[in-house]
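Listed here are the chains, written in short residue letters.
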Amino acid sequence: MASSSVQSSFDRLVQLPGVTGAILIDGDGVPVRTNLPADVTRIYADRMRPLVILARSMVRDLENGDELTYVRLRTRRQETLVATGNEHTIILIQDNHVLDESRRNSAASRRSSGR
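Computed from a predicted structure; not experimentally measured. (Residues numbered from 1 in each chain as written. Predicted model: local features only at pLDDT ≥ 70, side-chain atom pairs only at ≥ 80, totals over all residues. Heavy atoms only, no water.)

### A word on the sheet that holds strand β1 (residues 19-26)
Step number 1: Strand order across the open sheet formed by five strands is β2-β1-β5-β4-β3, with antiparallel pairing between neighbours. Two strands close off the open sheet at either side, each with one partner strand: β2 (31-34) and β3 (70-74). Averaged over all pairs of adjacent strands, the angle between strand axes in this sheet comes to 15°, irrespective of strand direction.
Step number 2: One ladder, built from seven bridges, connects strand β4 (residues 78-84) with strand β5 (residues 88-95); its direction is antiparallel. Directly across from Thr 84, in β5, lies its bridge partner Thr 89.
Step number 3: Relative to β1, helix α1 (residues 4-14) is tilted by about 165°, and along the sheet it contacts β1, β2 and β5.
Step number 4: In the packing of helix α2 (residues 38-62) onto the sheet, contacts are made with β1, β2, β3, β4 and β5, and the angle to β4 comes to roughly 60°. (Pairing = 2+ DSSP bridges. Helix = DSSP H or I, 4+ residues; strand = E, 2+ residues; numbered from the N terminus. Axes fitted to C-alpha atoms, helices over the stretch in contact; angles between N-to-C directions. Contact = heavy atoms within 4.5 Å.)

This is the structure in structure tokens:
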């Protein structure tokens, strides 16, 4: 099972604006926690693993000594964020409309507070 820090990160991420799904995957590619249906979880877990392996290899080839930590995929409807670690991967699916609105509100708040 995932460490308590990974579990608490998962719990915090699920609460972010626009999050429609989250999957925690162990180092073997097995989903250990999710808030999505099992069939959807399996599709994301199965499809993301080869993408992360390829991206990790590309980063190592381009920047010797560097490591992949994060992948972001954006479509018209959603954004999929993949955070990779040594032992776990977290996949977060967010609704673009809610995410964009949250970003606009956050930027407006920073401007009005003078930051």
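### Overview of the UniProt feature "domain: Roadblock/LAMTOR2" (unreviewed entry) in the protein chain
Step number 1: UniProt's feature table lists "domain: Roadblock/LAMTOR2" (unreviewed entry) at residues 6-94, given in the numbering used throughout.
Step number 2: Strand forms 35% of residues 6-94 and helix 38%; the C-alpha atoms that close the span are 19 Å apart. (UniProt positions renumbered as here; feature names shortened; annotations may be inferred.)

### Here we look at α1
Step number 1: For α1, the full list of buried residues reads Val 6, Gln 7 and Phe 10. For α1, the buried positions fall inside an angular range of 100° around the axis, keeping them on one side. Facing away from the buried surface of α1 by more than 90 degrees, the exposed residues are Ser 4 and Arg 12. (Buried < 20%, exposed > 50% of the residue type's maximum accessible area, 1.4 Å probe, protein only. Arc of directions from axis to C-beta.)

### Some thoughts on the nonpolar core
Step number 1: Counting residues in each nonpolar core, the largest one holds 14 residues, and the members touching the most others are Ile 23, Tyr 44, Leu 68, Val 82 and Ile 91.
Step number 2: No other element matches α2, which puts six residues into this core.
Step number 3: The residues touching Ile 23, leaving out its near neighbours within four places in the chain, are Phe 10, Pro 31, Arg 33, Thr 34, Leu 36, Thr 41, Tyr 44, Thr 89, Ile 90 and Ile 91.
Step number 4: Ranked by size, the runner-up nonpolar core spans eight residues in total, among them Phe 10, Val 19, Leu 81 and Ile 90. (Core = buried A, V, L, I, M, F, W, Y, C linked by side-chain atoms within 4.5 Å.)

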